[in-house]
Amino acid sequence: KELRIGVIGVGAIGTEHIKRINHKIKGARVVGIYDVLEEEKKQLADEMGIMFYGSGEDLISSDDVDAILITSIDETHADYVLKALAQEKYVFCEKPLAIDSQSCAKIVEAEVKCGRRLVQVGFMRRYDKGYMELKKLIESKSYGEVLMLHCAHRNPESGLHYTTPMSIIQTAVHEIDVLHWLLQDDYVSVESILPKKQTKMTHTNLHDPQILVLETKNGVVIQLEIFVNCQFGYDIKCEVVCENGELGLVDPHYTYVKHNFSNQTPISPDWQTRFKEAYDTEFQLWVNGVLNHKLEGPSSWDGYVASVITTAGTESTNKGEKIKVMLQEKPSIY
Ligand code: NAI
């Protein structure tokens, strides 16, 4: 059986995901869309020969739609997810699950009432080959226990719209999710550090770079640099220091150039290029999971955890001190 997907919010990533589902992913196709830009997106639906729904609610409750993909703006996610849960339909929600932890907790509660997992959140790093291999290497225990992590999330540049809290809420959130999965551990504290020395490539509303220090229950310390105007590329670092070895990510590339007594390897220009394969794997496994009624990807619980940590991170930036993290009891469906 083919999974019939309805997409809410067809902007940059929504359009990418529709192409991905219709051209790369097996077992699913997009049958309808809704977006507040009605005239423009209705035309798109006509061109694609699919349905344009009169509202998100109509799309969610349609008998022709088996599962929902939410790629609208952040503020609208929680409401649509709750409506999909009210219909007991599978829903893939791009990150963030909601813009505050209370709304995430509400979604967790609604899903628990359904008695099974229906929600997946778009934390695609978990599907990157590099992180998947790192996880296997860590779990093999061949290098002893993990002691600490040195990570970096660097973008070549960010626009004037990008402000200080976004480094944590929009950018570090990807590490915040993938690292607790990688270590199978929970965070106990967050500290945000704003180094005095900043790049001159930034502007008055953005402190760049920043450092986030996360501590886990098992006592692992994670040092994460967030530098969104680094100029030289999209650069993701994850060095895992173990008792008896170091494990890390390599930027995927296939060629190098030797010239003028130097050896050059390319660096990914942006996240779309760096995580292209991860998005494909993410969607194929989500579709398989929905068809087999067994979701294993990032859950509402993970969406809730990410929200609690980013909120604590922002609080730490504002107060200039380390913040202890308090999570609710984790329900048994997760
Ligand atoms: P975008 O601004 O290009 O697209 C958002 C679309 O939502 C627009 O077409 C807009 O008209 C529509 N929209 C606004 N309000 C709506 C409503 N109430 N109902 C239905 N549609 C509505 O934004 P972009 O870059 O495509 O991001 C969308 C979401 O995807 C964001 O939440 C973002 O955080 C997430 N995202 C996740 C990424 C990842 O790495 N996992 C990467 C990029 C985006």
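Scroll up to find the structure this text is about.
Computed from a predicted model, the values in this text were never measured in an experiment.

Student: Looking at this structure, how should I read the nonpolar core?
Tutor: Nonpolar side chains tend to gather and get buried jointly when the protein is soluble and globular. Counting residues in hydrophobic clusters, the biggest one holds 97 residues, and the most contacted among them are Leu149, Cys238 and Val240. In terms of residues, this core owes the most to one element, helix α7 (residues 166-183), which gives 10 residues. Taken together, domain 1 (3-124 + 279-299) and domain 2 (126-275 + 306-324) each give at least three residues to this core, which thus spans both. Excluding residues that lie within four positions of it along the chain, leucine 149 makes contacts with Leu179, Leu183, Val220, Val221, Ile222, Gln223, Cys238, Glu239 and Val240.

Student: Please explain unusual backbone geometry as it appears in this structure.
Tutor: In terms of backbone geometry, most residues other than glycine have negative phi values and most peptide bonds are trans. Of note, the amide linkage connecting lysine 95 to proline 96 takes the cis form, showing an omega dihedral of -5°. Residue proline 209 is reached from aspartate 208 by a cis peptide bond, and omega for that bond is 0°. Within the secondary structure, proline 209 sits in the loop between β8 (187-193) and β9 (210-216). A positive phi angle is found at lysine 141, which is not glycine, with a value near 60°. In this fold, lysine 141 is placed in the loop between α6 (129-140) and β7 (146-154). At histidine 293, a position not held by glycine, the phi torsion is positive, near 50°. Secondary-structure assignment places histidine 293 in the loop between α9 (276-291) and α10 (300-319). Overall, the relative accessible area of 57% leaves histidine 293 in the exposed class.

Student: Sorry, what's going on with the pairing of β7 here?
Tutor: The side chains of a regular strand alternate between both faces of the sheet. The pairing of β7 with strand β11 (residues 235-242) spans 8 bridges and is antiparallel. Among the inter-strand pairings, cysteine 151 is bridged to a residue of β11, identified as cysteine 238. Pairing between β7 and strand β10 (residues 221-227): 7 bridges, direction parallel. When the sheet's bridge partners are listed, histidine 153 is paired in β10 with isoleucine 226.

Student: Can you help me understand the side chain of threonine 71 in this one?
Tutor: Structurally, the position occupied by threonine 71 is in the loop between β4 (67-70) and α4 (77-86). Side-chain polar atoms of threonine 71 contact the backbone oxygen of glycine 9, separated by 2.6 Å. Excluding anything up to four places from it in sequence, threonine 71 contacts Val7, Ile8, Gly9, Ile13, Gly14, His17 and Glu94.

Student: Got a minute to help me understand the sheet that holds β10 in this structure?
Tutor: Strand pairs in the sheet, formed through backbone hydrogen bonds, run parallel or antiparallel to each other. A sheet is described by the order of its strands in space; here 7 strands give the open sequence β12-β11-β7-β10-β9-β8-β15, paired in mixed fashion. Only two strands of the sheet have a single partner each, and these edge strands are β12 (245-248) and β15 (323-324). Looking at chain direction, β8 and β9 are connected through 6 bridges and run antiparallel. Across the sheet, tyrosine 187 pairs through a bridge with threonine 216, a residue of β9. Across the sheet, α6 lies against β7, β11 and β12, angled at about 5° from β11, the strand it touches most.

Student: What's the story with the packing of helix α5 (residues 101-114) against α10 in this structure? I'm lost.
Tutor: Think of two packed helices as two axes; the pair is described by the angle between the axes and how far apart they sit. The contact between α5 and α10 brings their axes to 9 Å, and the two run at 165°. Classified by the angle between their axes, α5 and α10 sit roughly antiparallel to one another. Considering how the two elements wind past one another, α5 and α10 form a crossing that is left-handed. Residues Ser101, Cys104, Ala105, Ile107, Val108 and Glu111 of α5 pack against Ser300, Trp301, Gly303, Tyr304, Ser307, Val308 and Thr311 of α10.

Student: I tried to follow the packing of helix α1 (residues 12-23) against α9 on my own but got confused; where do I start?
Tutor: It is at 10 Å that the axes of α1 and α9 come closest, and there the two elements cross at 65°. The handedness of the crossing between α1 and α9 comes out as right-handed. Contact residues: Ile13, His17, Arg20 and Ile21 in α1; Lys276, Tyr279, Asp280 and Phe283 in α9. Here the residues of the contact of α1 with α9 are counted per class, giving 4 nonpolar, 1 polar and 3 charged.

Student: Is there a simple way to explain a nonpolar patch on the surface in this structure?
Tutor: A cluster of nonpolar side chains, contributed by Leu147, Met148 and Val221, occupies part of the molecular surface with about 220 Å² of accessible area. Inspection of the secondary structure puts leucine 147 in strand β7.

Student: Help me understand the site of the ligand, please; the structure alone is not making it clear to me.
Tutor: Near the ligand you find 24 residues, and of these Ile13, Asp35, Asp74, Tyr80 and Tyr279 are the closest. Within the backbone of serine 72, an N or O atom sits 3.4 Å from an oxygen atom of the ligand. The side chain of tyrosine 279 places a nitrogen or oxygen atom 2.6 Å from an oxygen atom of the ligand. When the ligand sits alone it has 860 Å² of accessible area, and the protein chains cover 79% of it. Sorting the residues of the shell around the ligand by element identifies α1 and α4 as the ones contributing at least two each. When grouped by side-chain class, the residues that make up the shell around the ligand number 12 nonpolar, 8 polar and 4 charged.

How each quantity is defined
- Residues numbered from 1 in each chain as written.
- Predicted model: local features only at pLDDT ≥ 70, side-chain atom pairs only at ≥ 80, totals over all residues.
- Heavy atoms only, no water.
- Core = buried A, V, L, I, M, F, W, Y, C linked by side-chain atoms within 4.5 Å.
- Buried < 20%, exposed > 50% of the residue type's maximum accessible area, 1.4 Å probe, protein only.
- Helix = DSSP H or I, 4+ residues; strand = E, 2+ residues; numbered from the N terminus.
- Domains from an automatic or database assignment.
- Contact = heavy atoms within 4.5 Å.
- Pairing = 2+ DSSP bridges.
- Polar contact = N/O pair within 3.5 Å; in protein donor to acceptor, adjacent residues only side chain to side chain.
- Axes fitted to C-alpha atoms, helices over the stretch in contact; angles between N-to-C directions.
- Parallel < 35°, antiparallel > 145°, perpendicular 65-115°, else oblique.
- Left-handed = near helix turned anticlockwise from the far one by under 90°.
- Nonpolar A, V, L, I, M, F, W, Y, C, P; charged D, E, K, R; others polar.
- Patch = residues over 30% accessible without salt bridge, like charges linked within 9 Å, V, L, I, M, F, W, Y side chains within 5 Å.
- Areas by Shrake-Rupley, 256 points an atom, 1.4 Å probe, with all protein chains shown as cover.
- Salt bridge = Lys/Arg side-chain N within 4 Å of Asp/Glu carboxyl O.
- Near = heavy atom within 4 Å.

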